[in-house]
Amino acid sequence: MASVVNAARNLLSDKWWVVKLFVLTVPVFYILQDEYVSQTIFKENIHILIGLFMLYLGCSSVIMNRNINNKSPLMPGIFTIPEVIIKAIGSSIVAFPGIAILIIACYFIQSYVVLEEPFAMFILYICVISFLVPFIIVPTVLYSVNGSIADGLKLNKVFEASGNFIVAFLAFVIQYFFIVILLSYLIYRLLFEMLGDGNIGISILYSFVIVLSFLLIFSYSSDLYEDVIPAVKSRRDVL
């Protein structure tokens, strides 16, 4: 059964997970430490954000492919950089329509929807994201099975999975809050009490949690394959 714990266990099954997560954390840490880059990441340096998103999406696609097909090691290494690049491009293509719709929806809410209560706006964003997230993640999972863009663009399977995936995603969010967020907060308080605010340990913690959270979402989603997400023909079936 898919859960945040099982998603984390998938990643930790890789013997080199500490080294690989550390390497993936470095770019985020650099952005957080560089004040100019962090303040302009959504404007002048949007290309850095897009590049990092594609990098982590490619790594997630490799992880999903190996998890679904029972391959090891789970996380990509230095010798699989070409595979990461290929899967970054492919997964970005299949995820782009959903991402574009989500950006347009959020822009519309920000520009034209006015709610007096901040909590009401927060709930509205959660609802919109939850409704649209299947059209980003499900195509990426379907693509990752065989590395086939055609599989990722099978809208009938995306729509078939969307309802149950929303429920599964909300379950992930609840588990994520009680496990990852609370644990991260406890570590943050420990570092804050020991070293004070603004110390490098807190920046490392933020960077690690961001990267880990991204990978956990897709690791969790790959566990939903053949359960919530309909299966596509594997290469073995085709042969």
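Refer to the structure printed above.
Overview of the structure.

Rules used throughout
Residues numbered from 1 in each chain as written. Predicted model: local features only at pLDDT ≥ 70, side-chain atom pairs only at ≥ 80, totals over all residues. Heavy atoms only, no water. Helix = DSSP H or I, 4+ residues; strand = E, 2+ residues; numbered from the N terminus. Buried < 20%, exposed > 50% of the residue type's maximum accessible area, 1.4 Å probe, protein only. Contact = heavy atoms within 4.5 Å. 1 Å grid on protein atoms, 1.4 Å probe; cavity = no way out; pocket = protein on both sides within 12 Å on 5 of 7 lines; lining within 4 Å. Points joined across faces, edges and corners; volume = space filled by probe spheres on them. Nonpolar A, V, L, I, M, F, W, Y, C, P; charged D, E, K, R; others polar. Polar contact = N/O pair within 3.5 Å; in protein donor to acceptor, adjacent residues only side chain to side chain. Phe/Tyr/Trp six-rings, centres within 6.5 Å; stacked < 30°, edge-to-face > 60°.

### Some points on the environment of F169
- Note on placement: F169 falls in helix α9 (residues 155-195).
- Taking relative accessible area as the criterion, F169 reaches 12% and is therefore assigned buried.
- As for F169 and I202, which are separated by 33 residues in sequence, their C-alpha atoms are 28 Å apart.
- Excluding its chain neighbours within four sequence positions, the residues that come into contact with F169 are S130, V133 and I137.

### Concerning the layout of surface pockets
- Its volume calculated, the largest pocket comes out at about 1700 Å³.
- Lining the largest pocket are 38 residues, with L49, F53, I210, F214 and I217 positioned closest to its centre.
- Contributing elements (two or more residues each) for the lining of the largest pocket: α2 (17-33), α4 (46-68), α5 (81-112), α6 (118-132), α7 (134-146), α9 and α10 (200-223).
- A per-class count over the lining of the largest pocket returns 34 nonpolar, four polar and no charged.

### A closer look at the side chain of S222
- For S222, the position within the fold is in helix α10.
- We classify S222 as buried; its relative accessible area is 5%.
- One polar contact links S222 to N67, side chain to side chain, over a distance of 2.7 Å.

### Focus on the packing of aromatic side chains
- On inspection of all chains with the given rule, the structure shows 14 aromatic pairs.
- Ring geometry for F131 against F135: centres 6.4 Å apart, planes inclined by 55 degrees, an arrangement best described as tilted.
- Here F131 falls in the exposed class, since its relative accessible area comes to 53%.
- Judged by its relative accessible area of 22%, F135 falls in the partly exposed class.
- Grouped by ring-pair contacts, the aromatic residues F53, Y56, F214 and F218 constitute a single cluster.

Fair warning: the whole summary comes from geometry, so function is off the table for now.
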